[in-house]
Structures are given as C-alpha cells and as structure tokens.
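# Remarks on the overall topology
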Amino acid sequence: MPTDFTHNILLTPGPITTTRATKEAMLVDLSPNAEEIVGMTATARRYLLEIANGTATHECVPLQGSATYACEALFHACTAPGAKVLVIVNGFYGLRLGEILEAIGRRVVKLEKPILPLPTGAEVGAALDADPEITHVAICHVETGTGVLNRIEEIAKAARARGRNIFVDTVASFGAFPLDVAALDVEAVAISPNKCMEGLPGIGFAIIRKDSLIAAEGKSPSISLDLFKQWSFMESSKGQWRFTPPTHVVAAFANAVARHKAEGGREARLEKYRRNWKRLVDAMRQNGFRTMLPDEVSAPIVTTWLDPADPAYNFPAFYEAMRRRGFTIFPGRLTAAGTFRIGCMGDVDPETMAAVARAVAESMDEIGVKHRGPAADRTLATA
Ligand SMILES: *Cc1c(COP(=O)(O)O)cnc(C)c1O
C-alpha cells in the first residue's frame, strides 16, 4: 500500500505536522535579498524576542541549519576556549549539550540526575559553590528525551545569585512554555522553528544578551557558526542574510509566526497542547497503557509510554502498524529505554488524539499484544 504523504501525521517531538497554509507559503521562489524575505526575517526576529520578553535586553539571530547549529554557535559566542560549564543531564538532550561543549574544547562538569526527581536550584548552587572555575550552567527546558519540564526559574536564580551565566536549550519548549529571559537574566537560549512554533525545519534561532553578543566579536573559530558576524552582517545590510538562507523555510516560518499570533500567542499554544495531551493520555490509560512520568512533571507536548509487558510487543512492528494508519510515532531514547513516545504538538486537535489512541489499540491487536500494561516491576518514575 503506497503511503499517502498528505495524510501522514507526524507525532514526533519535532518536526511536527504543519498546516496546509504553512506548507503552501513555500510555493514561491524568492531571492534571498528580496524585500519579502528581509521583511519576514525581521518580523520573526521581533516576534520571538517579544515572546521571550527580551526586546530591551537581548538580540535574536537566525541561523541556517537546525536548532543544534544555533546551540553550537551560541556556545562559541558565550564561552571561551577551556571555559568550564556545568551541564545538567537528565536526559538525551542534556547529554547532547555536553557533547557539543566538549567537541568545541570546553571543560564539562555534569550534574547527572535520574529521570526524577527534577534537578533543583539547591543542587546547582552546591555544584557551583564547590567549583568556582565554572562560568556557565547549561540546561534543557523541556527535556524531550524523557518529556519532563525542568524548573529553569530556580536553576537560573541559583546560577545568577553566584554570578554565573545560564544557557537554556528552549528548542522544544519555545512558543508554548513561559520564558522571561530578562527577568531570569538568561544569557542565551536556542530555538527551533519546527516544534511549538509549528514551522518547518531548516533554520534555528539564537536569543542572546546584547552585551554577550557584542563581546563575541572575533571569537568564533567557525565561519558559518559565527553568531556575531551573522548578526552584524544583518544589521549592516538592511536585514539580509550573510549566506544563502532556505528562503522557502523562511516564508513558511513567517506564516507560522502570523498564525501563532492570530491564535492567541504563547498561552493559547500551551492550552491547545494541554487539551491534546489530556485527550490522548485519558484514552490511552483507559486502554491499559501507563505513562512513564507522573502528570505533574510532564510537559504536555510529548507523552512517554512504558512498553507493554506482553511478549508479542515489539516497537518496529508497532511503528509500522501505526504508520500504515497514517501516524508516525517515536521510540524511547537512552535514559527512557523501554518506552515509546507520542507527541501532541503541531496542527493536531483532540479529535486527532482520540484517533491516535484508537489506532494504537488497533495496532496492538494487529501485532497480537493483549496485555497493554507494563511489567509489574516497572513502576512510574517518582517525584
Ligand atoms: C529537538 C531538540 C533538539 C535538537 O534540535 P534539532 O532541530 O534536531 O537540531 C535539541 N534540544 C531539544 C530539547 C530538542 O527537543
């Protein structure tokens, strides 16, 4: 049976299902220097700063590539060679932050935590007090690898109280979860267009404190990941990109930005995901499935399910059965092994999520899984 790509719903933790209008915004060929591209880029940068409350204190710099490119460029800009960074690791993406820092020659001290309890300001404070050489703290906001929402407010307070800078990977959370870079005095955050902002992949955004951006001049050993140059070129060329941008992706993002605003902004986006998440979680639990996390610590953009104990269960067969029903889901990762994940982000609504739960039940029947609950010795991670 051929896949009907127009009906494939992506339930991965990004990229996600986008609206037809967002995809159709790409059906025009524009020069990178066209007024439209320049205007759309400027509007997007302004809007992202507004969401983060960084208009007065920070700059927003777009970069070709994915969000990881923005993270790497930010680390070049904000930290010096040999600098020591405390990385909070409570999932796959925390590990990734450490990997990027080590690759560019920074010293990494890991605060390694199990999935729960969540890392606290007190723990971060103690780690910083124990090592005065540490200049920066890096943490994920939503750790998509497990689905937890980290308490960045208390972590940022602990870091700033000790004069250390804080970097937050807001790649998965930006556009839906509260973030005030001015109040928390966050040095920098990295943003994806293709998660809660519901645009298409191909660019990343960095929000960085103005003084840090200015101080980054001449520091990056990379030509393409030089955030200062990317910004200063854009400033001095009336908003043009320094190297060829993915113009179609920029146009799609402009459409996604306009829609985000028209639908009620960040708060409305989070409410939409909460409704999606609740419908999916209620329906799946009724069918016998169990989440890995208690609800209080779950970010309502991705659900993590314990594998059914039934010996007939295997992820590849389940994935295939779901894909044939038009839904793409995601395996668990590292720290969340023995789970599967279903996202709630994107242009999907509670009706879609009810259909997903039905497709899960049908797929399990198809592959012969009768007992949907986890093995008795696998309990919920506890707070
Ligand atoms: C998706 C994601 C990333 C990586 O984004 P890419 O677009 O693949 O570079 C980083 N951090 C978190 C928390 C994510 O969810």
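First things first, this report covers the structure right here in the doc. (Residues numbered from 1 in each chain as written. Predicted model: local features only at pLDDT ≥ 70, side-chain atom pairs only at ≥ 80, totals over all residues. Heavy atoms only, no water.)

Moving on, we come to the overall build of the chain. Secondary structure summary: the chain contains 12 helices and 14 strands in total. What you see for the chain is a C-alpha radius of gyration of 21 Å, in line with the 21 Å of a compact globule of 383 residues. Principal-axis analysis of the C-alpha atoms places the extent of the chain at approximately 60 × 55 × 35 Å. In the chain, which comprises 383 residues, the proportion classed as buried is 58%. For the chain, the proportion of contacts with a sequence separation of at least 24, taken over those separated by at least 6, is 74%. Of the charged side chains in the chain, 42 are positive and 43 negative, and the gap between their average positions amounts to 1 Å. (Helix = DSSP H or I, 4+ residues; strand = E, 2+ residues; numbered from the N terminus. Rg over C-alpha atoms; globule rule 2.2 N^0.38 Å. Buried < 20%, exposed > 50% of the residue type's maximum accessible area, 1.4 Å probe, protein only. Contact = heavy atoms within 4.5 Å. Lys, Arg positive; Asp, Glu negative; His and termini not counted. Charge placed at Lys NZ, Arg CZ, Asp CG, Glu CD.)

The subject of this paragraph is the site of the ligand. Lining the immediate surroundings of the ligand are Ser66, Ala67, Thr68, Tyr93, Val142, Thr144, Asp169, Val171, Ala172 and Lys195. In this structure, an oxygen atom belonging to the ligand sits 2.5 Å away from a side-chain N or O atom of Thr68. Here Thr144 contributes a side-chain N or O atom positioned 2.4 Å from an oxygen atom of the ligand. With the chains in place, 86% of the 390 Å² that the ligand exposes on its own is no longer accessible. Among the residues forming the shell around the ligand, the class breakdown is five nonpolar, three polar and two charged. (Near = heavy atom within 4 Å. Polar contact = N/O pair within 3.5 Å; in protein donor to acceptor, adjacent residues only side chain to side chain. Areas by Shrake-Rupley, 256 points an atom, 1.4 Å probe, with all protein chains shown as cover. Nonpolar A, V, L, I, M, F, W, Y, C, P; charged D, E, K, R; others polar.)

Here the focus is the environment of Ile342. As for its position among the elements, Ile342 is in strand β14 (residues 339-343). Under the relative-accessibility criterion, Ile342 is labelled buried at 0%. Between the alpha carbons of Ile342 and Pro13 there is a distance of 7.6 Å; along the sequence they are 329 residues apart. Non-local contacts of Ile342, meaning those with residues more than four positions away in its chain, are made with Leu11, Leu280, Met284, Val302, Thr303, Trp305, Ile329, Val356 and Val360.

Within the open sheet, the three strands sit side by side as β11-β14-β13. Their pairing is antiparallel. Of all the strands in the sheet, just β11 (302-306) and β13 (330-331) have a single pairing partner and so form its edges. Sheet topology places β11 next to β14; five bridges connect them, and they run antiparallel. Opposite Thr304, over in β14, you have Arg341 as the bridge partner. Where helix α10 (residues 265-286) meets the sheet, it contacts β11 and β14, and its direction lies at approximately 15 degrees from that of β11. (Pairing = 2+ DSSP bridges. Axes fitted to C-alpha atoms, helices over the stretch in contact; angles between N-to-C directions.)

The next point concerns the sheet that holds strand β4 (residues 107-112). On the basis of which strands lie adjacent, the open sheet formed by seven strands has the order β2-β10-β9-β8-β5-β3-β4 and mixed pairing. Single-partner strands in this sheet number two, and they are β2 (58-64) and β4. Between one strand axis and the next, the sheet turns by 20 degrees as a mean value, whatever way the strands run. Here strand β3 (residues 84-89) runs beside strand β5 (residues 134-140); their pairing, made up of four bridges, is parallel. In the sheet register, Leu86 faces β5, and the bridge partner there is Val137. Along the sheet, helix α3 (residues 67-78) makes contact with β2, β5, β8 (165-169), β9 (188-191) and β10 (203-209), crossing β10 at roughly 30 degrees. Strands β2 and β10 of the sheet are contacted by helix α8 (residues 227-236), whose axis makes an angle of about 100 degrees with β2.

Following the criterion strictly, the structure yields 28 salt bridges and no others. A salt bridge links Glu267 to Arg266; the nearest nitrogen and oxygen atoms lie 3.7 Å apart. Between Glu320 and Arg323 there is a salt bridge, with its nearest N and O atoms 3.2 Å apart. In this pair, Glu320 and Arg323 both sit in helix α11 (residues 315-324), three residues apart, roughly one turn of the helix. Given a relative accessible area of 31%, Glu320 falls into the partly exposed group. Judged by relative accessible area, which is 26%, Arg323 ranks as partly exposed. When salt bridges with common partners are traced through the structure, they connect Glu198, Arg259, Glu263, Arg269, Lys272 and Asp347 into a single cluster. (Salt bridge = Lys/Arg side-chain N within 4 Å of Asp/Glu carboxyl O.)

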